[in-house]
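Chain and residue survey
For reference, the chains in residue letters:
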Amino acid sequence: MPAFSLDPTQTAWCAELRALAAERLRPLAEKGEPGHVNRALVAELGQLGLLERLFTSGAVDLCLMRESLAYACTEAETALALQGLGAHPVHAYGTPAQRERWLPRVAEGSAVAAFALSEPGAGSDAAALELRAERSADGGIEGGTDGETAGGAEGATEPPVAESDGPARWRLTGEKCWISNAPEADFYTVFARTTPGAGSRGVTAFLVPADRPGLTGTGLDMLSPHPIGALALDAVPVTADDLLGEPDHGFRVAMGTLNLFRPSVGAFAVGMAQAALDATLAHTAERDAFGGKLKDLQTVAHQVAEMALRTEAARLMVYAAATAYDEKAPDVPRRAAMAKLLATETAQYVVDKAVQLHGARALRRGHLLEHLYREVRAPRIYEGASEVQRGIIARELYATMEAGQ
C-alpha cells in the first residue's frame, strides 16, 4: 500500500476544523457538565455539518475529523465519535424506516446515539455477552414513542412516532455496562443473545429507543469526562421492526462497526499526541534551565525526537488502515487492530513524556496536559483493549499464513 499523504484540500480542511474546534466548540465544551451529554455541543457539531459527514464520508475523512478535533477540543471529538459509533449500525444495517426516523436527527444533533455492547462480565470478550433476547408473543409495545422520555432533549415539539402495533417478538433482559452516552442517549444499538451457547453466532443487534418500558440506566463516575453509564433491561419489548441486520448475525454488525471506528480511535489518539508534542516543543524552546533552554539539553532533545517519531509512525498506520477500509481490502481487521494498538499506546507514551518535561505545572487542574493525561488512558481499553488488539493481529496473521496468502 502506498504511503499516505494529505492533498492540499485535506490539509486546508484539517486547519479549518482545528480553528472551528478552538473558536466555536471549545467554549461550548467548557460549559458542559462532566459525565453528562453536552447537547449544545452535539447540536453545534450538527450545525457545522460534521455529524452528517459521518454517513457520507469514508474512513479517511472520519480519521481526519477525529484527529483535527482532538487536537483542539477532545470533548467535541468524543461527542462526534459517539454519535457515529451509536448510529453507524443504523446507517449500515438499518431498515429504510429506521434510517429515515433516526439518521436525520443524529446528523442535526437533536438525537443522541449510543453503542451498547459491553456488559459487566463481557467487556473484551464480546462474544460472551449474556443479555437475553427471549421470544415472546404477548402484547404490543407500550410507552415507546420517540426516545425522548428517558434521555431525550427537553421541550421537543415534534409529535411522537408510533411504534409497531404488532406483538413484541423478543423481550430483552440483562445488563449493559461502560456504555458511552448512557443513560442520556435517545436510542441504543443493543446487542443481545438470541441463541444460547452459540457464541458470536447467536447474537442479534436491536435498535432500542430510550423510552422503551423496562429500560433504565445510571451514570458511572469515571476518569474520562464524557458520559458513561450502565443500563438495566427488564423484559424490554422489541419487534422485528427493531432488528439491525438479521437475527443471530449481530456480531457481524458489531465487528463491522468496530473495524471502521478502531482506526479512528487511533486518529483521536494521534490528535492528542500531536497536541502534547506541540506544547512540549513550545515549552522546551522557551523554558530557561541550567544556563540555557531546555531544548539545548541532549536528553530533552532526544525525548522530543522520540515523541515526534512515534507520533508520525502512528499517524501513518492509522491512515493506512483507514485507506484499506475505504478500498475494501481483505486485511482490514488486522490493519484496524494495528492502528488502534499503536496509536493509543503511542499517545499514552507521548502525553506522559510531555507531562514529565513540563514538570509540576502540567499536573495543575486545567492545564492542557492535565486534561490530556486524563483523556489518553481510556482509549487503550475501549473498543477492544490493547491485549485484544494483539490477539486479533496474531489470529489474522496465522489465518493468512494457513490460507497460503
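Residues numbered from 1 in each chain as written. Predicted model: local features only at pLDDT ≥ 70, side-chain atom pairs only at ≥ 80, totals over all residues. Heavy atoms only, no water.

1. Some details on the confidence of the model for the protein chain
Basically, it comes down to this: What pLDDT conveys is the predictor's confidence in a given residue, as a value from 0 to 100. Residue contacts follow a heavy-atom distance rule, with two residues in contact if any of their heavy atoms lie within 4.5 Å.
Of the residues in the protein chain, 91% reach a pLDDT of 70 or more, and the chain-wide mean stands at 89. Scored below 50 in pLDDT, residues 143-164 makes 52 contacts in the model with residues more than four places away or belonging to other chains.

2. Remarks on the packing of aromatic side chains
The following threshold applies: Two aromatic rings, drawn from Phe, Tyr or Trp (for Trp, its six-membered ring), form a pair once their centres lie within 6.5 Å of each other, and the interplanar angle then sorts them: stacked below 30 degrees, edge-to-face above 60, tilted otherwise. The way it works is that DSSP assigns letters per residue, a run of H or I at least four long becomes a helix, a run of E at least two long becomes a strand, and they are numbered from the N terminus. Three labels apply to residues, based on accessible area from a 1.4 Å probe with only protein chains included: buried if under 20% of the type maximum, exposed if over 50%, partly exposed otherwise in between. Charge over a ring is defined by NZ of Lys or CZ of Arg lying within 6 Å of the ring centre and within 35 degrees of the ring normal.
Tallied over the full model, the rule gives three aromatic pairs. Judged by centre distance (5.3 Å) and plane angle (65°), the rings of Trp170 and Phe206 are edge-to-face. Of this pair, Trp170 sits in strand β3 (residues 170-180) while Phe206 sits in strand β5 (residues 203-209), placing them 36 residues apart in sequence. Per residue, the accessibility class of Trp170 equals that of Phe206, and both read buried. Between Arg18 and the ring centre of Tyr71, over which it is positioned, the NZ or CZ distance is 3.8 Å. Of note, Arg53 hangs over the ring of Trp13, and the distance from its end group to the ring centre comes to 4.1 Å.

3. Some thoughts on the packing of helix α7 (residues 250-286) against helix α9 (residues 332-358)
Formally: Working convention: axes come from line fits to C-alpha atoms, limited for helices to the stretch in contact. Angles between N-to-C directions cover 0 to 180 degrees. An angle below 35 degrees is read as roughly parallel, one above 145 as roughly antiparallel, one from 65 to 115 as roughly perpendicular, and any other as oblique. Less than a right angle of anticlockwise turn of the near helix away from the far helix marks a crossing as left-handed, whereas a clockwise turn marks it as right-handed.
Packing of α7 against α9 leaves a shortest axis separation of 8 Å and a crossing angle of 20°. Overall, the two elements α7 and α9 adopt an arrangement that is roughly parallel. Along this stretch, α7 crosses α9, giving a crossing that reads as left-handed.

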